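Tertiary structure, described
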Amino acid sequence: YAPEAGLQPGTTYYWRVDEFAGTTTYTGDIWSFTTLPEVAVTDSHLMGWWKLDEGTGSIAVDWSGHGNHGTIVGNPAWVDGFHGSALLFNTGKYVNCGIDAGASIKGDFTLATWVQLSPGNAGLYGGIAGRLVLATNYYGFSLVRHSSNVFRLWVGDGSASLSGQATSNNAYTDTEWHHIAGVRQGQANILFVDGVRQGASNNTNFSPSTEWFHIGRQYSHLDDRYFPGVIDDVRVYDVASNDTQIA
């Protein structure tokens with residue numbers, strides 16, 4: 001809830017309506033809402049940071065300070081995360097963080113998050129987070145778990161072929177937590193899994209997307225390829241992080 005005049009940011013307000021009939025009082029239910037916090041920009045390169053620690057409600061607060069709070073769609077369950085709480089995704093469940101989130105990224109970037117696959121995930125194709133769009137041609141970027149069970153960073157170059165990719169060395173079907181980070185540095189697309197640089201990377205052009213930043217599915221605009229599992233602590237930077245920073 002965005003605070004109106006007189007309301008304090010980051011505060012929970014409660015109210016109740018009681019009914020009086022003669023000498024009898026009928027006590028109403030207690031209702032509440034929480035206003036969004038004010039968050040200062042403390043890292044000029046951090047373009048979006050969704051901790052997913054709210055634990056309740058339909059808003060994912062952007063802790064980068066840029067105010068691109070995500071709208072949670074499809075009522076994904078709040079569950080235990082790697083840090084605090086997180087969201088459990090599957091078909092029809094995602095977060096729309098708006099078109100401004102990461103919109104300034106035109107070159108180098110880092111996209112990082114924690115994921116935990118659900119049981120029975122083998123062969124399922126699911127997007128994790130990004131700004132990827134397919135409109136005849138591909139634009140933007142996204143982290144995914146591919147149907148071949150590997151993690152990938154996809155980078156669109158404005159062509160009809162999604163050739164920009166960096167792929168994990170191994171396939172993953174376990175239900176442990178993994179840290180996944182995609183890095184774009186110059187022309188290079190690079191993937192890290194659990195802090196380790198993966199071998200399969202490539203060099204491509206990059207054409208940014210004008211669509212919204214998504215969490216829990218592969219594309220901004222297509223009702224398809226939802227992530228089969230839990231996602232926590234999504235961050236996007238407008239710089240390329242190095243091996244030491246990610247590890």
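In what follows, the structure referred to is the one given above.
Residues numbered from 1 in each chain as written. Predicted model: local features only at pLDDT ≥ 70, side-chain atom pairs only at ≥ 80, totals over all residues. Heavy atoms only, no water.

What about the overall build of the protein chain?
A count of helices and strands for the protein chain gives 1 helix and 23 strands. Against the globule reference of 18 Å for 247 residues, the protein chain gives a C-alpha radius of gyration of 20 Å, in line with a compact fold. The dimensions of the protein chain, computed from C-alpha atoms along their principal axes, are 75 × 40 × 40 Å. Each of the 247 residues in the protein chain was classed as buried or not, and the buried ones make up 45%. About 11400 Å² of surface is accessible on the protein chain, with carbon and sulfur atoms providing 49% of the total. A gap of 8 Å separates the mean positions of the 12 positive and 23 negative side-chain charges of the protein chain. (Helix = DSSP H or I, 4+ residues; strand = E, 2+ residues; numbered from the N terminus. Rg over C-alpha atoms; globule rule 2.2 N^0.38 Å. Buried < 20%, exposed > 50% of the residue type's maximum accessible area, 1.4 Å probe, protein only. Areas by Shrake-Rupley, 256 points an atom, 1.4 Å probe, with all protein chains shown as cover. Lys, Arg positive; Asp, Glu negative; His and termini not counted. Charge placed at Lys NZ, Arg CZ, Asp CG, Glu CD.)

Description of the side chain of His146
Looking at where His146 falls in the secondary structure, it is placed in the loop between β15 (141–145) and β16 (151–155). Within polar-contact distance, the side chain of His146 engages the side chain of Ser148 at 2.8 Å. Here Arg152 takes part through its side chain, which lies 3.3 Å from a polar atom of the side chain of His146. Setting aside residues up to four positions removed in sequence, His146 forms contacts with Leu124, Tyr125, Arg152 and Trp154. (Polar contact = N/O pair within 3.5 Å; in protein donor to acceptor, adjacent residues only side chain to side chain. Contact = heavy atoms within 4.5 Å.)

Points about the pattern of salt bridges
Opposite charge on two side chains permits them to pair, given that their charged atoms come into close proximity. Applying the stated criterion across every chain, the model contains 4 salt bridges. Salt-bridge contacts for Asp224 lead to Arg225; the nearest nitrogen and oxygen are separated by 4.0 Å. Since its relative accessible area comes to 37%, Asp224 is described here as partly exposed. Put simply, Asp233 and Arg235 hold a salt bridge, and the shortest N to O gap is 3.3 Å. On the accessibility criterion, Arg235 (26% relative accessible area) is partly exposed. (Salt bridge = Lys/Arg side-chain N within 4 Å of Asp/Glu carboxyl O.)

Details of the environment of His146
Classification of His146 as buried rests on a relative accessible area of 15%. A sequence separation of 19 residues divides His146 from Gly127, and the C-alpha atoms of the two residues are 8.1 Å apart.

A few points about the packing of aromatic side chains
Scanning the model with the defined rule gives 9 aromatic pairs in all. Aromatic pair Trp50 and Phe213: ring centres 4.8 Å apart, planes at 25 degrees, arrangement stacked. Taken as a pair, Trp50 in strand β5 (residues 46–50) and Phe213 in the loop between β21 (202–203) and β22 (214–215) lie far apart in primary sequence, 163 residues in all. Taken as a pair, Trp50 and Phe213 share a single burial class, namely buried. Measuring from ring centre to ring centre gives 5.2 Å for Phe151 and Tyr172, while their planes differ by 40 degrees; the resulting arrangement is tilted. (Phe/Tyr/Trp six-rings, centres within 6.5 Å; stacked < 30°, edge-to-face > 60°.)

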